[in-house]
Amino acid sequence: MKTNDMTKMTYRDAIRLGITEEMRLDRDVIFLGEDIGVYGGAFGVSKGLLEEFGEERILDTPISEGAIVGTAVGAATTGLRPVCEIMFMDFITLGLDALVNQGAKMRYMFGGQSQVPMVLRLPAGSGAGGAAQHSQSLEAWLCHVPGLKVVTPSTPAQAKGLIKAAIRDNNPVCFIEHKMLYDSVGLVPLDEEYTLEIGKTIVERPGKDVTIVAYGTTLAKAIEAADFLEEEGIRVEILNPLTLYPMDMKPIIESVIKTGCLIVAHEATKTGGVGGEIVARVVESEAFDYLTAPIVRLGGLDVPIPFNQELESAAVPQRNDFVHSVYRLLNRE
Amino acid sequence: MIELSEELLLRMYYKMNQARFFEEKLGELEEKGQVHGTVHLAMGQEAAGVMACLALEEGDLVSLSHRGHAQAIGFGLDVNLMMAECLGKETGYCKGKGGSMHIADVENGNLGANGVVGGGFGLSCGAALTQKYQKTGKVVLCFAGDGATDTGSFHESLNLASIWKLPVVFFIENNQYGMSNPVENHMNVENISDRSEAYNIPGLTIDGNDFLDVYNTVTKALRYARAGKGPVLIEAITYRFSGHSKSDKQLYREEQEVKEWRKKDPLLKMKEYLRENRIFTEKQIQKMENEAIISIEQAVEFAKKSPSPQLDTILADVYA
Ligand SMILES: Cc1ncc(C[n+]2csc(CCOP(=O)(O)OP(=O)(O)O)c2C)c(N)n1
Ligand SMILES: [Mg+2]
């Protein structure tokens with residue numbers, strides 16, 4: 001269906017719509033994971049899919065992440081296009097051998113013979129009181145593995161566009177969803193051919209004074225901060241690296257050349273985080289000469305996510321961290 | 001038959017009730033939005049969780065599942081500190097950093113409840129290795145659910161425990177579902193205990209709602225493991241009355257099924273036993289129940305009055 005129509009829907013519904021459309025278009029797309037059938041997925045993403053596609057394509061698995069990912073790799077190399085739901089990103093640890101040592105490397109080490117078109121959906125992030133084993137943002141690990149692609153949508157439209165692109169991609173794509181975004185609402189294109197190109201960083205909000213690079217719920221906090229700062233006449237430019245790996249640096253470098261100030265931010269722990277890589281690439285580039293102040297890196301504290309609600313929110317960057325960082329960069333404090 | 005003293009029976013009944021009331025209260029608090037995050041209730045599974053722990057000797061260790069409140073109460077944890085942890089308070093077992101899913105009392109041998117399904121199997125092997133190495137004569141009791149026996153970790157751990165003859169008892173609460181997935185869909189063996197055959201260790205299936213069956217079987221299994229004969233796998237057949245968690249709409253099971261199982265409520269079964277055998281007067285039974293309720297009400301009060309952790313504790317305890 002080709003259309004210019006847009007409809008308001010949640011991030012959750014947008015992911016489901018993307019998967020549904022791709023499953024209708026391509027019989028090779030199958031979906032596997034724990035409790036994705038009758039239960040509809042722990043976060044409700046797969047609700048109704050069993051009714052439409054049946055047990056042959058919506059595969060409720062035992063609690064066996066190693067087998068889920070391994071099966072997906074094997075199915076992908078032999079002609080199917082599996083989408084997997086790992087109930088919480090934290091449990092990708094149990095599927096990492098299949099992903100990192102098998103799926104990610106196969107094509108290269110076999111001299112380009114195989115392709116592994118699969119998607120791992122990974123609900124990540126804190127805020128829901130899941131504590132240390134249900135709240136992690138482990139994207140940096142995945143960004144350290146050539147052969148994988150890592151994408152993360154921050155709005156419903158991005159969610160639909162990226163999940164479709166991920167399913168169509170011929171490589172293993174880790175699709176990171178932030179669980180605090182599932183209920184967020186936005187306009188989503190209904191066009192079946194609407195996809196978002198993997199490997200693109202986008203400008204979420206144009207500005208001129210300070211560049212912020214952020215994604216996930218951290219992006220929403222950056223936008224709130226930018227709204228607030230705009231009332232004071234400060235115009236923040238916000239970039240969203242929809243693909244974390246391999247990352248499109250060009251728009252970031254261009255933005256830093258324009259503003260001279262850079263803040264990178266994410267919920268994942270700061271040490272070894274994706275932000276550090278962005279910073280390194282900026283200072284390696286021609287943008288280095290344009291920097292007018294030290295770069296600011298906002299990230300999660302280097303601690304496991306604590307259960308207590310106040311501690312939990314103190315563990316990750318908040319709106320005010322952006323505001324203060326911008327003030328500091330512009331010497332307004 | 002193992003002799004049960006009146007004092008022990010009293011403790012059993014009291015703890016079963018404590019476990020039930022603890023979760024009823026916690027469920028209520030959750031309904032009111034006063035609990036951050038998720039809690040997994042084990043109502044209906046008290047005989048399994050509580051009795052298995054009551055069979056332990058002083059100094060034995062446990063690894064708890066994510067559905068671990070009854071297990072923890074059976075092991076002797078303080079309900080005040082448990083409730084405080086569930087509410088994220090400084091006075092809780094983990095200083096508010098763990099919550100319901102991670103209640104631990106390591107010093108006293110509770111190695112912790114586990115948020116990762118199957119996460120306890122390997123840990124239990126390791127803890128059992130320590131006992132064997134240090135010749136402590138202690139045994140590790142490892143709790144998990146039916147769904148957890150589908151993990152690779154379960155199979156690797158049972159194999160390892162078997163070849164090394166580790167003093168560990170794997171206690172599986174088969175409550176018929178791994179979240180929404182019924183046992184008959186998620187595994188292809190009739191009994192989970194059949195899985196023991198692959199590792200050449202004893203495997204037993206028991207009525208997990210029968211306090212005596214649980215107590216007696218675990219007692220024997222612990223004796224076996226303690227004697228250096230190696231691990232034992234026990235499958236306790238039981239049922240959870242509530243949903244997997246708050247957000248579970250329970251579309252995968254019929255209400256009738258829940259009703260049928262409620263008739264086999266382990267608390268009712270134990271009460272019947274006490275009545276039939278005229279072990280305690282009706283008044284004594286009532287008194288025990290009341291005392292259990294009061295202990296939980298006090299726990300809620302304690303937890304609510306307790307302070308939240310100071311913000312600066314956020315950086316504490318990452319490293320030893
Ligand atoms: C490795 C892993 N995968 C998935 C989950 C999500 N999860 C939590 S409990 C659960 C079901 C566990 O079933 P079972 O072992 O039978 O225990 P029960 O909940 O019935 O007590 C699932 C899938 C998890 N916590 N860990
Ligand atoms: Mg179960």
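Not measured: the values here are computed from a predicted model.

## Things to note about the overall build of chain A
Moving on, step 1. The helix and strand tally for chain A stands at twelve helices and 14 strands.
Moving on, step 2. Over its C-alpha trace chain A gives a radius of gyration of 20 Å, about what one expects of a compact globule, namely 20 Å for 333 residues.
Moving on, step 3. Taken along its principal axes, the extent of the C-alpha atoms in chain A is 60 × 45 × 45 Å.
Moving on, step 4. By the burial criterion, 60% of the 333 residues in chain A qualify as buried.
Moving on, step 5. Of the roughly 13000 Å² of accessible surface on chain A, a fraction of 52% belongs to carbon and sulfur atoms.
Moving on, step 6. Within chain A, the 45 negative side-chain charges are centred at a point lying 4 Å from the centre of the 30 positive side-chain charges.

## Re the coordination of the magnesium ion (ligand 2)
Residues and elements named next belong to chain B.
Moving on, step 1. The magnesium ion (ligand 2) binds to the protein through Asp 146 (OD), Asn 175 (OD1) and Tyr 177 (O), with metal-donor distances spanning 2.0 to 2.2 Å.
Moving on, step 2. Spacing between the donor residues of the magnesium ion (ligand 2) along the chain follows D-x28-N-x1-Y. The residues Asn 175 and Tyr 177 share a single accessibility class, namely buried.

## Some words on the UniProt feature "domain: Transketolase-like pyrimidine-binding" (unreviewed entry) in chain A
Moving on, step 1. Per the UniProt annotation, the sites labelled "domain: Transketolase-like pyrimidine-binding" (unreviewed entry) are residues 9-184 of chain A.
Moving on, step 2. When the span residues 9-184 of chain A is considered, its composition is 35% helix and 18% strand, and the gap between its end C-alpha atoms is 8 Å.

## Describing the layout of surface pockets
Moving on, step 1. Taken as a whole, the second largest pocket encloses approximately 540 Å³ of empty space.
Moving on, step 2. Residue lining of the second largest pocket: 19 residues in total, with A:Ala132, B:Cys94, B:Lys97, B:Gly98 and B:Asp317 positioned closest to the centre.
Moving on, step 3. Classifying every residue of the lining of the second largest pocket gives 13 nonpolar, three polar and three charged.

## Things to note about the interface of chain A and chain B
Moving on, step 1. Opposite the 34 residues of chain A that make contact, chain B presents 39 residues.
Moving on, step 2. When the two sides are added together, the surface that chain A and chain B hide from each other amounts to roughly 2600 Å², 66% of it contributed by carbon and sulfur.
Moving on, step 3. Looking only at chain A, the three residues that lose the most surface to chain B are A:Tyr39, A:Ile63 and A:Phe307, adding up to 28% of its buried area.
Moving on, step 4. Taken together, the links from chain A to chain B amount to zero salt bridges.
Moving on, step 5. On inspection of chain A and its partner chain B, the count reaches twelve residue pairs in polar contact (both at pLDDT 80 or more).

## Focus: the side chain of A:Thr152
Moving on, step 1. Checked against the element boundaries, A:Thr152 lands in the loop between β6 (149-151) and α7 (156-168).
Moving on, step 2. Beyond its immediate sequence surroundings of up to four residues, A:Thr152 is in contact with A:Leu162, A:Ile176, A:Tyr215, A:Pro241, A:Leu242 and A:Leu244.

## Looking at the pairing of strand β2 (residues 29-33) of chain A
Residue and element names in this part refer to chain A.
Moving on, step 1. Counting buried positions over the five residues of β2 gives five, a clear majority of the element.
Moving on, step 2. Side chains Val 29, Phe 31 and Gly 33 of β2 all project onto a buried face; the interleaved residues Ile 30 and Leu 32 project onto the opposite face, where all are buried too.
Moving on, step 3. Across five bridges, the pairing between β2 and strand β4 (residues 81-85) is parallel. Looking across to β4, one finds that Val 29 is bridged to Arg 81.
Moving on, step 4. In this structure, β2 lies alongside strand β3 (residues 58-60), joined through three bridges in parallel fashion.

## Digging into empty space enclosed by the protein
Moving on, step 1. Inspection of every chain in the model, using the stated rule, returns two cavities of 30 Å³ or more.
Moving on, step 2. Here the largest cavity is characterised by a volume of approximately 110 Å³.
Moving on, step 3. Taken together, 13 residues make up the lining of the largest cavity; nearest its centre are A:Ser137, A:Glu139, A:His178, A:Tyr215 and A:Gly216.
Moving on, step 4. Elements supplying a minimum of two residues to the lining of the largest cavity: β7 (172-178), α8 (217-230) and β13 (262-269) of chain A.
Moving on, step 5. In the lining of the largest cavity, the residues fall into four nonpolar, seven polar and two charged.
Moving on, step 6. For the lining of the largest cavity, the two domains that each supply at least three residues are domain 1 (2-189) and domain 2 (201-329) of chain A.
Moving on, step 7. Considering only enclosed or pocket space, the second largest cavity measures out at about 30 Å³ in volume.
Moving on, step 8. Forming the boundary of the second largest cavity are A:Gly129, A:Gly130, A:Ala131, A:Phe307, B:Thr38, B:Gly98, B:Gly99, B:Ser100 and B:Met101.
Moving on, step 9. For the lining of the second largest cavity, a count of residues per class yields three nonpolar, six polar and no charged.

## A look at the site of ligand 1
Moving on, step 1. Taken together, 21 residues lie around ligand 1, and A:Glu65, B:His66, B:Arg67, B:Gly115 and B:Gly147 are the ones closest in.
Moving on, step 2. Residue neighbours of ligand 1 fall on chains A and B, so the site bridges chains.
Moving on, step 3. Between ligand 1 and A:Glu65, the relevant distance is 2.6 Å, taken from a nitrogen atom to a side-chain nitrogen or oxygen of the residue.
Moving on, step 4. Between ligand 1 and B:Asp146, the relevant distance is 3.0 Å, taken from an oxygen atom to a side-chain nitrogen or oxygen of the residue.
Moving on, step 5. Isolated, ligand 1 exposes 580 Å² of accessible area, and the fraction of that covered by the protein chains is 98%.
Moving on, step 6. Of the residues assigned to the shell around ligand 1, the class counts are nine nonpolar, eight polar and four charged.

## Structural notes on helix α10 (residues 266-276) of chain B
Structural remark: α-helix, 3.6 residues per turn; residues separated by three or four positions point the same way.
Residue and element names in this part refer to chain B.
Moving on, step 1. Within the span of α10, buried status applies to Pro 266, Leu 267, Met 270, Lys 271 and Leu 274. Along the axis of α10, the buried positions cluster into a sector of 135°, meaning they face one direction only.
Moving on, step 2. Along its buried surface, α10 packs onto α1 (6-31), α2 (46-54), α8 (211-226) and α11 (282-305).
Moving on, step 3. A positive backbone phi angle near 45° is found at Arg 278, which sits one or two residues after α10.

## Examining the sheet that holds β4(A)
All names here are of chain A.
Moving on, step 1. The strand order across the open sheet built from seven strands is β3-β2-β4-β5-β7-β6-β12, with neighbouring strands paired in mixed fashion. Both edges of this open sheet fall to β3 and β12 (243-245), since each of them pairs with a single strand only. Pairs of neighbouring strands in the sheet enclose a mean axial angle of 20°, with direction left out of account.
Moving on, step 2. As paired strands, strand β5 (residues 118-124) and β7 are joined by seven bridges and run parallel to one another. By the bridge assignment for β7, Met 118 is matched with Pro 172.

Thresholds, definitions, all that
- Residues numbered from 1 in each chain as written.
- Chains lettered and ligands numbered in written order.
- Predicted model: local features only at pLDDT ≥ 70, side-chain atom pairs only at ≥ 80, totals over all residues.
- Heavy atoms only, no water.
- Helix = DSSP H or I, 4+ residues; strand = E, 2+ residues; numbered from the N terminus.
- Rg over C-alpha atoms; globule rule 2.2 N^0.38 Å.
- Buried < 20%, exposed > 50% of the residue type's maximum accessible area, 1.4 Å probe, protein only.
- Areas by Shrake-Rupley, 256 points an atom, 1.4 Å probe, with all protein chains shown as cover.
- Lys, Arg positive; Asp, Glu negative; His and termini not counted.
- Charge placed at Lys NZ, Arg CZ, Asp CG, Glu CD.
- Donors = N, O, S within 2.8 Å, 3.2 Å for Na, K, Ca; no water.
- UniProt positions renumbered as here; feature names shortened; annotations may be inferred.
- 1 Å grid on protein atoms, 1.4 Å probe; cavity = no way out; pocket = protein on both sides within 12 Å on 5 of 7 lines; lining within 4 Å.
- Points joined across faces, edges and corners; volume = space filled by probe spheres on them.
- Nonpolar A, V, L, I, M, F, W, Y, C, P; charged D, E, K, R; others polar.
- Contact = heavy atoms within 4.5 Å.
- Buried area = accessible area lost by both parts, 1.4 Å probe.
- Salt bridge = Lys/Arg side-chain N within 4 Å of Asp/Glu carboxyl O.
- Polar contact = N/O pair within 3.5 Å; in protein donor to acceptor, adjacent residues only side chain to side chain.
- Pairing = 2+ DSSP bridges.
- Domains from an automatic or database assignment.
- Near = heavy atom within 4 Å.
- Arc of directions from axis to C-beta.
- Axes fitted to C-alpha atoms, helices over the stretch in contact; angles between N-to-C directions.

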